[in-house]
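Below, each chain spelled out in residue letters.
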Amino acid sequence: MVKFALYLLVLVILAYGSQKLGFSGLHFLFLVAILGSVACMVLWPLFRQIFEATASVLPTKSNREQHAEPHDINDERVQQVLTKEQSRVSTVREEPASAVRKDIVPELVSVSEGDPDASFDSLREHFARNAVYAFRPYPPHREKHGRSKVGGLPSLPKNVPWPKAPGAAGHVKAGLPLHFLAQIDLADLPWRPEGIPETGLLLFFGRFDESLTWAEPDVAPQNDMQVLYDAEYSGTATAFPKNLPPIKDGNYHFDLLFGLPGDEKTRVFPEWPLNFAKVETMPESAALPFASPEGYDSAHKHHLTAQLTAAFATMETDNADICEFHLFQPRTEEERAEGKPLVLRPHSETGFPFAPRGMSLICRILRNRHGAKLEETGFETCFEDWQMQAETLKESKFEQRMVNAFIEDLNDFLEQAADKRYSAYLKADIERALHRLVTETGGSPNLSKLVPEAVYAAASDRHPVFMKDENGIKCPEFPGARSGNCYHQMFGHLSSVQFNLPHDSAEQLLLQLFNDWGAEMSIRDGGEFDFMIEESDLHDHEFDRVKAACGGH
């Protein structure tokens with residue numbers, strides 16, 4: 001309207017000037033049209049600034065709302081704005097990610113820190129998505145579980161070969177088998193999005209070398225990962241192929257601490273069952289289609305904490321402040337300072353070493369990391385013999401006399417090797433062996449029964465659902481928060497240490513495997529594997545079209 005009025009004004013001025021100069025008829029009309037258009041193009045930007053500056057100071061309702069102070073998200077006026085914008089949000093979700101509006105929710109919206117749950121509900125109406133947490137029950141066999149698990153051996157579908165990287169001829173990845181990561185029984189899920197089958201087994205494989213460089217340019221995704229779907233549950237536990245590379249090219253955690261000369265490198269992750277819980281997820285603040293409201297992150301954390309508390313009510317969910325197995329006789333501060341040797345408490349008080357496998361692991365870590373000290377003190381052959389005896393017994397119970405003799409030899413070694421600093425090293429390595437023992441209980445119901453509750457409690461800091469913040473308040477163990485999770489995620493909003501997926505992306509999260517200390521699946525430095533699938537492929541059950549990325553540092 002303003003531009004049209006300016007155009008009429010210019011025409012009137014030109015008409016008056018043309019008559020004074022003596023122009024008339026067609027010449028007049030032609031001259032007025034041409035000069036009028038040119039004049040409007042030149043003068044419009046200047047007049048536009050004048051009109052906008054004048055309009056901005058008028059006492060209109062629009063100007064009062066624009067210059068108002070920020071209000072709480074529960075404010076009645078803000079609620080009206082959110083309600084008005086709800087239909088626009090649903091429309092934007094159908095557009096490509098590149099077309100996402102940045103002003104879907106006004107910047108004046110903020111989350112009240114005084115009542116985060118109430119404030120958060122207003123944003124949940126727009127962005128909440130259901131998800132499923134696949135968690136490792138702890139202790140592992142306290143609850144019933146099915147086929148779902150991380151690690152161990154896969155239930156490969158009948159007549160389906162072990163997945164391997166196709167690769168181009170001569171490529172470094174060509175023909176190499178992929179490592180088995182996890183399998184999910186879809187029948188066990190408490191919730192599933194539209195398109196996911198109600199039954200069947202999903203098996204996830206990935207290349208777990210030292211670099212973990214996935215999604216390289218010009219390299220097909222199948223060289224890094226593959227997903228199999230067995231709708232008929234036709235498979236059984238399948239041994240890995242002989243040419244499967246060692247995990248992390250032989251630099252796997254177990255090999256570095258417990259490996260001995262002549263041992264084969266580890267190719268299979270420890271097995272641990274998975275159970276499931278339905279939760280509600282919200283996008284990370286960086287994935288919101290507008291500037292993150294004040295207080296959003298704290299409200300997000302509070303919201304998730306409440307859900308995890310309910311979902312994992314039957315688990316040991318709090319990480320121990322101090323990991324203490326209480327294996328040794330107490331020492332005073334003076335005795336510690338003087339370097340008094342560590343002395344193991346009797347087997348009758350602790351149950352140590354709990355199982356033949358526990359004895360084997362202790363002998364292995366002593367021989368691996370303290371070989372020079374064993375040779376110096378004359379105990380090298382002693383612990384080699386104890387290891388052989390323990391590995392012959394496997395998981396059967398050993399005699400009291402045998403256990404007492406082992407503890408006596410271990411106490412003698414601790415006394416002869418003792419000094420203030422070295423005693424601490426020995427104590428830490430014995431506890432590392434017990435952490436590994438707990439890890440191996442995930443794949444062995446019989447072994448899990450031999451480990452007492454006190455040991456599970458002492459090792460719980462590697463299997464936490466929650467951690468404590470700087471104020472001592474319980475909060476969720478977010479991905480990357482402490483480089484170790486005991487739960488993983490299916491569906492819902494992506495929660496990543498490195499990637500931000502727009503809330504309306506055409507890709508959907510299928511499975512997110514987090515860095516997991518308890519299962520000794522260390523993905524870079526607190527990273528994760530993100531398996532993504534297009535919505536159309538999900539509805540067609542085209543799981544061979546899944547793509548994945550490895551996040552971390």
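In case you missed it, the structure is sitting above this.
Definitions and limits used
- Residues numbered from 1 in each chain as written.
- Predicted model: local features only at pLDDT ≥ 70, side-chain atom pairs only at ≥ 80, totals over all residues.
- Heavy atoms only, no water.
- 1 Å grid on protein atoms, 1.4 Å probe; cavity = no way out; pocket = protein on both sides within 12 Å on 5 of 7 lines; lining within 4 Å.
- Points joined across faces, edges and corners; volume = space filled by probe spheres on them.
- Helix = DSSP H or I, 4+ residues; strand = E, 2+ residues; numbered from the N terminus.
- Nonpolar A, V, L, I, M, F, W, Y, C, P; charged D, E, K, R; others polar.
- Phe/Tyr/Trp six-rings, centres within 6.5 Å; stacked < 30°, edge-to-face > 60°.
- Buried < 20%, exposed > 50% of the residue type's maximum accessible area, 1.4 Å probe, protein only.
- Lys NZ or Arg CZ within 6 Å of the ring centre and 35° of its normal.
- Pairing = 2+ DSSP bridges.
- Patch = residues over 30% accessible without salt bridge, like charges linked within 9 Å, V, L, I, M, F, W, Y side chains within 5 Å.
- Areas by Shrake-Rupley, 256 points an atom, 1.4 Å probe, with all protein chains shown as cover.
- Salt bridge = Lys/Arg side-chain N within 4 Å of Asp/Glu carboxyl O.
- Lys, Arg positive; Asp, Glu negative; His and termini not counted.
- Charge placed at Lys NZ, Arg CZ, Asp CG, Glu CD.
- Expected span 1.5 Å × (residues − 1).
- Axes fitted to C-alpha atoms, helices over the stretch in contact; angles between N-to-C directions.
- Parallel < 35°, antiparallel > 145°, perpendicular 65-115°, else oblique.
- Left-handed = near helix turned anticlockwise from the far one by under 90°.
- Contact = heavy atoms within 4.5 Å.
- Polar contact = N/O pair within 3.5 Å; in protein donor to acceptor, adjacent residues only side chain to side chain.
- Disulfide = S-S within 2.5 Å.

Colleague: So, the layout of surface pockets: which residues are in play, and what are the values?
Modeller: Space inside the largest pocket adds up to approximately 590 Å³. Lining the largest pocket are 24 residues, with Phe 254, Pro 270, Arg 357, Arg 436 and Glu 440 positioned closest to its centre. Of all the elements in the fold, those that place two or more residues in the lining of the largest pocket are helix H6 (253-258), helix H10 (356-369), helix H12 (380-393) and helix H14 (420-440). A per-element tally of the lining of the largest pocket places H10 first, with three residues. Classifying every residue of the lining of the largest pocket gives nine nonpolar, five polar and ten charged.

Colleague: Describe the packing of aromatic side chains, and please don't skip the residues or the numbers.
Modeller: According to the stated counting rule, one finds 20 aromatic pairs in the structure shown. Judged by centre distance (5.8 Å) and plane angle (90 degrees), the ring pair of Tyr 252 and Phe 269 falls under edge-to-face. Taken together, the residues span a long stretch of sequence, with Tyr 252 in the loop between strand E9 (236-237) and H6 and Phe 269 in the loop between H6 and strand E10 (272-273) at a distance of 17 residues. This pair shows no difference in class: Tyr 252 is buried, exactly as Phe 269 is. An aromatic cluster is built from Phe 379, Phe 383, Trp 386, Phe 406 and Phe 413, whose rings are joined through pairwise contacts. For Lys 373, the ring lying beneath its charged end belongs to Tyr 422, and the centroid distance is 4.8 Å.

Colleague: How would you sum up the pairing of strand E7 (residues 201-206)? Please name residues and give values.
Modeller: Within E7, six of the six residues are buried, leaving the element largely enclosed by the surrounding structure. The two faces of E7 match: Leu 201, Leu 203 and Phe 205 on one face and Leu 202, Phe 204 and Gly 206 on the other face are all buried. Pairing geometry for strand E6 (residues 179-185) and E7, over six bridges, is antiparallel. The residue bridging Phe 180 from the neighbouring strand is Phe 205, located in E7. In terms of strand pairing, E7 meets strand E8 (residues 225-230) through six bridges, oriented antiparallel. Residue Leu 203 lies in a different strand from E8, and its bridge partner there is Leu 228.

Colleague: Could you give me a rundown of unusual backbone geometry, with the residues and numbers involved?
Modeller: A cis amide bond, omega -10 degrees, links Tyr 138 with the succeeding residue Pro 139. Here the bond from Phe 352 into Pro 353 is cis, since omega is 0 degrees, no more than 30 degrees from zero.

Colleague: So what's going on with a negative patch on the surface? Residues and values would help.
Modeller: A surface patch of negative charge is lined by Glu 375, Glu 380, Glu 384 and Asp 385. Sorting elements by how many residues they give to the negative patch places H12 first, with three residues. Note on placement: Glu 380 falls in helix H12.

Colleague: Outline helix H13 (residues 400-416), listing residues and values.
Modeller: What sets the pattern is the α-helix's 3.6 residues per turn: residues three or four places apart point alike. Here H13 spans 25 Å end to end across 17 residues, near enough to the 24 Å set by a 1.5 Å rise per residue. Those residues of H13 that sit buried are Met 402, Val 403, Phe 406, Ile 407, Leu 410, Asn 411, Phe 413 and Leu 414.

Colleague: Give me the lowdown on the packing of H12 against H13, citing residues and values where you can.
Modeller: Look at H12 against H13: their axes get within 11 Å of each other, and the N-to-C directions meet at 150 degrees. Looking at the two axes, H12 sits roughly antiparallel to H13. The handedness of the crossing between H12 and H13 is left-handed. Counted together, Cys 382, Phe 383, Trp 386, Gln 389 and Leu 393 of H12 and Met 402, Ala 405, Phe 406, Asp 409, Leu 410 and Phe 413 of H13 form the full contact between these two elements. A breakdown of the residues in the contact of H12 with H13 according to their chemical character gives nine nonpolar, one polar and one charged.

Colleague: Help me get a handle on the environment of Glu 349, residues and values and all.
Modeller: The residue Glu 349 is located in helix H9 (residues 347-350) in this model. With 23 residues separating them along the chain, Glu 349 and His 326 place their C-alpha atoms 9.9 Å apart. Side chain to side chain, Glu 349 and Arg 345 meet in a polar contact 3.1 Å long.

Colleague: Could you give me a rundown of the state of the cysteines, with the residues and numbers involved?
Modeller: Overall, the coordinates contain zero disulfides when judged by the stated rule. Of all cysteine sulfurs, the one in Cys 382 lies closest to Cys 363, which takes part in no disulfide; the gap is 7.8 Å.

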